[in-house]
Amino acid sequence: MTHPSTALSRFVADLRYDDIPAPVLRRAEDLLLDCLGSILAGSSGRAVQILARYAQAMGPAGGPSENMVVRQGTSPAFAALCNAAAAHMVEQDDVHNGSVFHPGAVVVPPVLATAQARGASGKAVLTAMVAGYEAGIRIGEFLGRSHYAVFHTTGTAGTLAAAMATGNLLGLDPVRMRHALGSAGTQAAGLWEFLRDGADSKQLHTAQAAANGLMAAWLAENGFTGAARILEGPQGMAAGMSRDADPAHLADGLGTRWALAETSFKYHASCRHTHPAADALLALVREHRLSIGDIQSVTAHVHQGALDVLGPVVAPTTVHQSKFSMGTVLGLIAKHQRAGLQEFDAALSDPDIRDFLPRVSMRLDPEVDAAYPRRWIGKVTVATRQGRVLEGRVDTPKGDPDNTLSRAEIEDKVRRLGRYQDAAPDTEIDALIARVWNLADTPSVGRLLDGRRT
């Protein structure tokens, strides 16, 4: 009987462009553009710049793959590393609810880096993206909620997603794909402890997932072997990293259920666990014309995953840490009716936001927790200074598949991301958008940006 790691490896190895429904391919283009916008916006981040300097010191002075952080050519490995770090920096990259996994940040960079090195077509890039999303999402679902309580799934499952996406682009057969999976799994890592200190580890998680996954696939191409059952084996990932792993998820609906199409766009520039409550509060603020000064307290009714990830952040000291602070996010919504990049940059020094932090609490809600992770329900209770108690609720946060972004909204988001910290001029962003929308007709994927900014 075929075990799940073999079934998943075979599906990814055999997947071809013509196997994928047209709507899924168009959604892959949407997610690709969204990820590129996040890379541009994240390229100036301090942690990203440190990783870029490391790559410049360790890597070649030039190369076939595009390091979008410094606008230079480099090796595929270092391009994947730097671009993946940037993609996750500003907390605007995509997310899959059921797996609690950010696929774009770890799938797009190694696929593009390999495609540029090998002269692959746009259709090959889109196919590899779909392969990586389908594999990574299922692996995240397989590892389960107990895994996510300690491990950053984007760093762990993301390493395997990167390997399988890259392996598809390289044309690995099912046996070598399984070896790539094994080599990726034995490197997979990423722990949530960094949140307590506001440390830079989150960028390292995506950087290493992309680079190590790429390495696993390139090694497998040349005959390097990996564990055959790295996921479900007696000393595999589930054995060491999960208490509720379910191997049935690994082959769930392969070829019929397209998990990429279930992926959500991030509307607010913060941890996804804050979004449902933010949308619920935003609806109340608009309906009742509330100002931040009108609000005495807010209780966010959340799932356990939100408590695990957001709970340690009670007094944020960095901009990035503040994106994991429910108090900061809801304070920005109450004051600005948005929680965007510029609002977060000003939040730490804003006395209104500092004053608002202790007015926000989180409470485990049985309904919200039972629906999670398949559905991320937002519920808040607001007490006003005028003595009113208001209840807010959203069942589908903005950006989810049932409340998704249109292509016009995606383009607008990418333009805003590109303008952040003057990452790219509007003309370059317009050219990038056109390249992505025409990717399926591109015979060989080259540089996506115009060159080094001066």
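Preceding this paragraph is the structure being described.
Any chance you could break down the side chain of S322 for me, citing the residues and the numbers?
In this fold, S322 is placed in helix 13 (residues 319–322). Note on S322: relative accessible area 0%, which makes it buried. Discounting residues that sit within four places of it in the chain, S322 has contacts with P316, T328, V329, F344 and L348.

Tell me what's going on with the sheet that holds strand 6 (residues 389–394), and back it up with residues and numbers.
As summarised here, the arrangement of the four strands in space is 4-3-5-6, forming an open sheet in which the pairing is mixed. Each edge of the open sheet carries a strand with a single partner, namely strand 4 (360–364) and strand 6. For this sheet the average axis-to-axis angle between neighbouring strands, irrespective of direction, equals 20 degrees. Relative to strand 5 (residues 378–384), strand 3 (residues 295–302) is paired through six bridges, and the arrangement is antiparallel.

Tell me what's going on with the environment of A7, and back it up with residues and numbers.
Residue position: A7 is located in helix 1 (residues 4–14). The spacing of A7 and L254 is 247 residues in sequence and 8.9 Å in space, taken between C-alpha atoms. The contact partners of A7, leaving out residues within four places of it in the chain, are T2, A251 and L254.

Talk me through the packing of helix 1 against helix 8 (residues 174–185); I want residue IDs and the actual numbers.
Relative to each other, helix 1 and helix 8 sit at 115 degrees, their axes nearing to 8 Å. In this structure, helix 1 crosses over helix 8, and the sense of that crossing is right-handed. Facing helix 1, whose interface residues are S5, T6, S9, R10, V12, A13 and D14, helix 8 presents P174, M177, R178 and L181.

How would you summarise the environment of L357 if you had to cite specific residues and measurements?
With respect to the secondary-structure elements, L357 resides in the loop between helix 16 (351–356) and strand 4. Residues L357 and T328, 29 residues apart in the sequence, show an inter-C-alpha distance of 6.2 Å. With residues up to four places along the chain from it excluded, the contact list for L357 reads P316, S325, G327 and T328.

With reference to specific residues and values, describe helix 3 (residues 46–58).
Residues three or four positions apart in an α-helix share a direction because the helix packs 3.6 residues into each turn. Taking 1.5 Å of rise per residue, 13 residues should cover 18 Å, and helix 3 covers 19 Å from first to last C-alpha, within 8% of that figure. The complete set of buried residues in helix 3 reads A47, V48, L51, A52 and A55. Axial view of helix 3: buried residues confined to an arc of 140 degrees, hence all on one face. Along helix 3, exposed side chains directed more than 90 degrees from the buried face belong to R46 and A57.

Describe the packing of aromatic side chains, listing the residues and the values that go with them.
Here the distance between the centres and the angle between the planes together describe a pair of aromatic rings. Taken as a whole, this structure holds five aromatic pairs when the rule is applied. Ring plane angle 50 degrees and centroid distance 6.3 Å describe the contact between F11 and W258, whose orientation is recorded as tilted. Taken together, the residues F11 in helix 1 and W258 in the loop between helix 10 (237–241) and helix 11 (275–288) connect sequence positions 247 residues apart. Judged by its relative accessible area of 11%, W258 falls in the buried class. One aromatic cluster is present, built from ring pairs that chain together Y148, W192 and F194. Lying across the ring of W218, R118 places its NZ or CZ 4.5 Å from the centre. Looking at K323, its charged tip hangs above the ring of F344, at a distance of 5.4 Å from the centre.

Which residues make up the state of the cysteines, and what values go with them?
As used here, a disulfide is simply a covalent bond connecting the sulfur atoms of two cysteines. According to the stated counting rule, one finds zero disulfides in the structure shown. Sulfur of C35: no disulfide; nearest cysteine sulfur belongs to C82 and is 14 Å away.

Mind laying out the pattern of salt bridges, listing which residues take part and the relevant values?
In a structure, side chains of opposite charge can pair up when their charged atoms sit close to one another. Here the structure, examined in full by the defined rule, presents 33 salt bridges. Between R26 and E29 there is a salt bridge whose closest N-O contact spans 2.8 Å. Of this pair, R26 and E29 both sit in helix 2 (residues 22–42), three residues apart, which is roughly one turn of that helix. A residue is classified by how much of its surface remains accessible, and R26, at 30% relative accessible area, is partly exposed.

Thresholds applied
Residues numbered from 1 in each chain as written. Predicted model: local features only at pLDDT ≥ 70, side-chain atom pairs only at ≥ 80, totals over all residues. Heavy atoms only, no water. Helix = DSSP H or I, 4+ residues; strand = E, 2+ residues; numbered from the N terminus. Buried < 20%, exposed > 50% of the residue type's maximum accessible area, 1.4 Å probe, protein only. Contact = heavy atoms within 4.5 Å. Pairing = 2+ DSSP bridges. Axes fitted to C-alpha atoms, helices over the stretch in contact; angles between N-to-C directions. Left-handed = near helix turned anticlockwise from the far one by under 90°. Expected span 1.5 Å × (residues − 1). Arc of directions from axis to C-beta. Phe/Tyr/Trp six-rings, centres within 6.5 Å; stacked < 30°, edge-to-face > 60°. Lys NZ or Arg CZ within 6 Å of the ring centre and 35° of its normal. Disulfide = S-S within 2.5 Å. Salt bridge = Lys/Arg side-chain N within 4 Å of Asp/Glu carboxyl O.

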